[in-house]
Amino acid sequence: MRIRFFIFLLMSFAPHAFADNTTPQLEKASAYFRLSGMESMYTDKEKVNAMLEGMMNELKQAAAQRMTPAQNQELNRRLAGIMPSVNQVVIDYFARMQPEMIQLLANTYTEEELDALIKFYSSPEGKKIVSKSLTVVRGMTDITQQHSQLLSHEIYTTIISHIQAVMSGKMQ
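Along each chain, numbering runs from 1 in the same order as the chain's sequence is written. Per-residue local features of the predicted model are confined to residues with pLDDT of at least 70, and side-chain atom pairs are confined, for both listing and counting, to 80 or more; whole-chain, interface and lining totals are unaffected and use all residues. In computing side-chain values, all of the structure's heavy atoms are included and hydrogens and water are not.

Novice: Sorry, what's going on with the overall build of the chain here?
Specialist: A helix here means a DSSP run of H or I that spans at least four residues, while a strand means a run of E at least two residues long, and both kinds are numbered starting from the N terminus. Secondary structure summary: the chain contains seven helices and zero strands in total. Shown N-terminal to C-terminal, the secondary structure of the chain runs as helices and strands in the order α-α-α-α-α-α-α. Exposure classes here rest on a 1.4 Å probe applied to the protein chains alone. A residue is buried below 20% of its type maximum, exposed above 50%, and partly exposed in between. Here the chain, with 172 residues, has 22% of them falling under the buried criterion. The contact rule is simple, with two residues in contact once any of their heavy atoms fall within 4.5 Å. A fraction of 77% describes how many contacts in the chain between residues 6 or more apart in sequence connect residues 24 or more apart. Using a 1.4 Å probe, the Shrake-Rupley method yields the accessible areas, and only the shown protein chains count as cover for residues. When the accessible surface of the chain is totalled, it reaches about 13100 Å², and 63% of it is carbon and sulfur.

Following this line, the structure appears as structure tokens:
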């Protein structure tokens with residue numbers, strides 16, 4: 001009796017297990033993800049390295065303020081040694097996130113919008129934009145790093161001035 005019940009369960013769920021859950025919307029979202037360069041931002045080692053370099057530079061700057069020059073040199077040596085492993089961890093992690101990202105695109109854009117995006121990113125102009133995206137990302141990362149300390153200082157100053165105003169009874 002148990003065997004029959006088990007076979008019945010398997011047969012009941014088999015069509016669902018082997019069903020193709022892709023829809024035209026998901027297929028188009030996946031195509032847009034690939035053509036727009038989003039996929040390569042998460043799978044191309046050079047692009048992942050560029051992203052990680054920005055993060056590592058921020059960490060190094062923060063750490064350098066608390067370290068001796070010898071410690072800083074040792075940190076840089078160790079970080080250089082682990083970067084290939086970190087790069088692979090990021091690529092593997094993003095691979096697990098990709099279905100969610102594609103689902104987000106499918107949920108956000110209509111089929112008509114996805115068709116228009118696919119058409120654009122398949123055009124010579126769209127391909128040029130994708131080829132320049134790494135340069136843009138690196139440039140924006142550099143700009144952000146250059147301004148991050150100043151921005152942090154301005155945020156800190158603003159918060160402190162509001163705290164002081166509250167403490168002194170001067171509310172705005």
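Novice: How do you make sense of the nonpolar core when you look at a structure like this?
Specialist: Within soluble globular proteins, side chains that are nonpolar tend to cluster in buried spots. With 22 residues, the main nonpolar core has A29 and Y32 as its most contacted residues. Secondary structure elements with two or more residues in this core: α2 (24–35), α4 (45–64), α5 (69–108) and α6 (111–122). When residues of this core are assigned to their parent elements, the largest contribution, nine residues, is made by α5. Setting aside anything within four residues of it in sequence, one finds A29 in contact with I102, L105, A106 and L114. Only buried residues count toward a nonpolar core, which is a set of Ala, Val, Leu, Ile, Met, Phe, Trp, Tyr and Cys residues joined through side-chain atoms within 4.5 Å.

Novice: Got a minute to help me understand the packing of aromatic side chains in this structure?
Specialist: Each pair of aromatic rings is reported with the distance of its centres and the angle of its planes. A pair of Phe, Tyr and Trp rings is counted when the ring centres sit within 6.5 Å of each other, with Trp represented by its six-membered ring. The angle between the planes then sorts it: under 30 degrees is stacked, over 60 is edge-to-face, the rest tilted. Scanning the model with the defined rule gives three aromatic pairs in all. Judged by centre distance (5.1 Å) and plane angle (75 degrees), the ring pair of F120 and Y121 falls under edge-to-face. These aromatic residues form a ring-pair network of at least three members: Y32, Y109, F120 and Y121.

Novice: Looking at this model, I keep getting lost on the environment of Q146. Mind explaining?
Specialist: For Q146, the position within the fold is in helix α7 (residues 124–167). Judged by its relative accessible area of 60%, Q146 falls in the exposed class. On a C-alpha basis, the gap between Q146 and E58 in space is 9.9 Å, while along the polypeptide they are 88 residues apart.

Novice: Explanation requested: α5 in the structure shown.
Specialist: For an α-helix, 3.6 residues make a turn, and residues three or four places apart therefore share a direction. Take the residue count of a helix, subtract one, and multiply by 1.5 Å to get its expected span. Given a rise of 1.5 Å per residue, 40 residues ought to cover 58 Å, yet the end C-alpha atoms of α5 are separated by just 49 Å, more than 12% below that figure. Working definition for bend: take the seven residues up to and ending at a residue and the seven starting at it, fit an axis to each, and measure the angle between the axes. At M83, α5 shows its maximal bend, which comes to roughly 45 degrees, and the proline P84 appears one to four places after that position. Residues L79, M83, N87, V90, I91, F94, Q98, M101, I102, L105 and A106 constitute the buried set of α5. Looking at the buried side of α5, the elements it contacts are α2, α3 (38–43) and α4.

Novice: Whenever I open this one, the environment of E39 confuses me. Can you help?
Specialist: Along the polypeptide, E39 turns up in helix α3. As for E39 and F94, which are separated by 55 residues in sequence, their C-alpha atoms are 9.1 Å apart. Sequence-distant contacts of E39, that is, excluding residues within four places in its chain, are made with F33, R34 and Q98. A polar side-chain atom of E39 sits 3.4 Å from a polar atom in the side chain of Q98. Nitrogen and oxygen atoms within 3.5 Å of one another constitute a polar contact, given that in protein one can donate a hydrogen and the other can accept it, and given that sequence-neighbouring residues count only through two side-chain atoms.

Novice: Whenever I open this one, the pattern of salt bridges confuses me. Can you help?
Specialist: Here the idea is simple: oppositely charged side chains can pair when their charged atoms come close. The working definition used for a salt bridge is a side-chain nitrogen of Lys or Arg within 4 Å of a carboxyl oxygen of Asp or Glu. Applying the stated criterion across every chain, the model contains four salt bridges. The partner of E111 in a salt bridge is K28, and the shortest N-O contact between them spans 3.0 Å. Of this pair, E111 sits in helix α6 while K28 sits in helix α2, and the two are 83 residues apart along the sequence. Here E111 falls in the partly exposed class, since its relative accessible area comes to 29%.

Any functional reading would require information beyond the geometric quantities listed.
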